[in-house]
Amino acid sequence: MDIIETIKEQIANNTILLYMKGSPNAPQCGFSAKASQAVMGCGEKFAYVDILQNPEIRANLPKYANWPTFPQLWVAGELVGGSDIMLEMFENGELQTLIKDAAAKAKASEA
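Residues numbered from 1 in each chain as written. Predicted model: local features only at pLDDT ≥ 70, side-chain atom pairs only at ≥ 80, totals over all residues. Heavy atoms only, no water.

Turning our attention to the pairing of strand 6 (residues 78–81). As judged from the three bridges shared by strand 5 (residues 72–75) and strand 6, these two strands associate in the antiparallel manner. Each residue of the ladder has a partner; that of tryptophan 74, found in strand 6, is leucine 79. (Pairing = 2+ DSSP bridges. Helix = DSSP H or I, 4+ residues; strand = E, 2+ residues; numbered from the N terminus.)

So this is what it looks like as structure tokens:
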């Protein structure tokens, strides 16, 4: 499968998806650590992709997303942004609302 198709499939199949360096429990950079803490702080399950284990995704996602850096948070198929945006949204409550609403919609569509 083409790597762009893989990325599209990951985004489509995961309501809340964090592309990061490392894993939420063992982040490999400070930005990924802050981002995963913010997403975990929202209290919903989320998927993640360790871009260090997926060099093709690391190379191609910035072009696909038109966003040059990692981490990247995708919610309901839309790019939210990187760690600075996530932290700002978390601090003012927007991230929690966005993630909880997306998770609720996903659960309702599964039912």
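There is more to say after this.
Inspection of the entire model under this criterion finds two salt bridges. In this structure, glutamate 5 engages lysine 8 in a salt bridge whose closest nitrogen and oxygen atoms are separated by 3.9 Å. One end of the pair is glutamate 5 and the other is lysine 8, both in helix 1 (residues 3–13) and three residues apart, which spans about a single turn. With a relative accessible area of 37%, lysine 8 lands in the partly exposed category. For the salt bridge of lysine 107 with glutamate 44, the shortest nitrogen-to-oxygen distance reads 3.1 Å. Placement of lysine 107 in helix 5 (residues 94–110) and of glutamate 44 in the loop between helix 2 (30–40) and strand 4 (47–50) is noted, with a sequence separation of 63 residues between them. (Salt bridge = Lys/Arg side-chain N within 4 Å of Asp/Glu carboxyl O. Buried < 20%, exposed > 50% of the residue type's maximum accessible area, 1.4 Å probe, protein only.)

The next subject is the UniProt feature "binding site: glutathione" (unreviewed entry) in the chain. Per the UniProt annotation, the sites labelled "binding site: glutathione" (unreviewed entry) are Lys21, Arg58, Phe70, Ser83 and Asp84. According to the relative accessible area criterion, lysine 21 is partly exposed, its value standing at 21%. For lysine 21, the contacting residues outside a window of four places in its chain are Pro27, Gln28, Cys29, Ser32, Asp50, Ile51, Leu52 and Arg58. On the secondary structure map, serine 83 appears in helix 4 (residues 83–91). Looking at serine 83, the relative accessible area reads 6%, which means it is buried. (UniProt positions renumbered as here; feature names shortened; annotations may be inferred. Contact = heavy atoms within 4.5 Å.)

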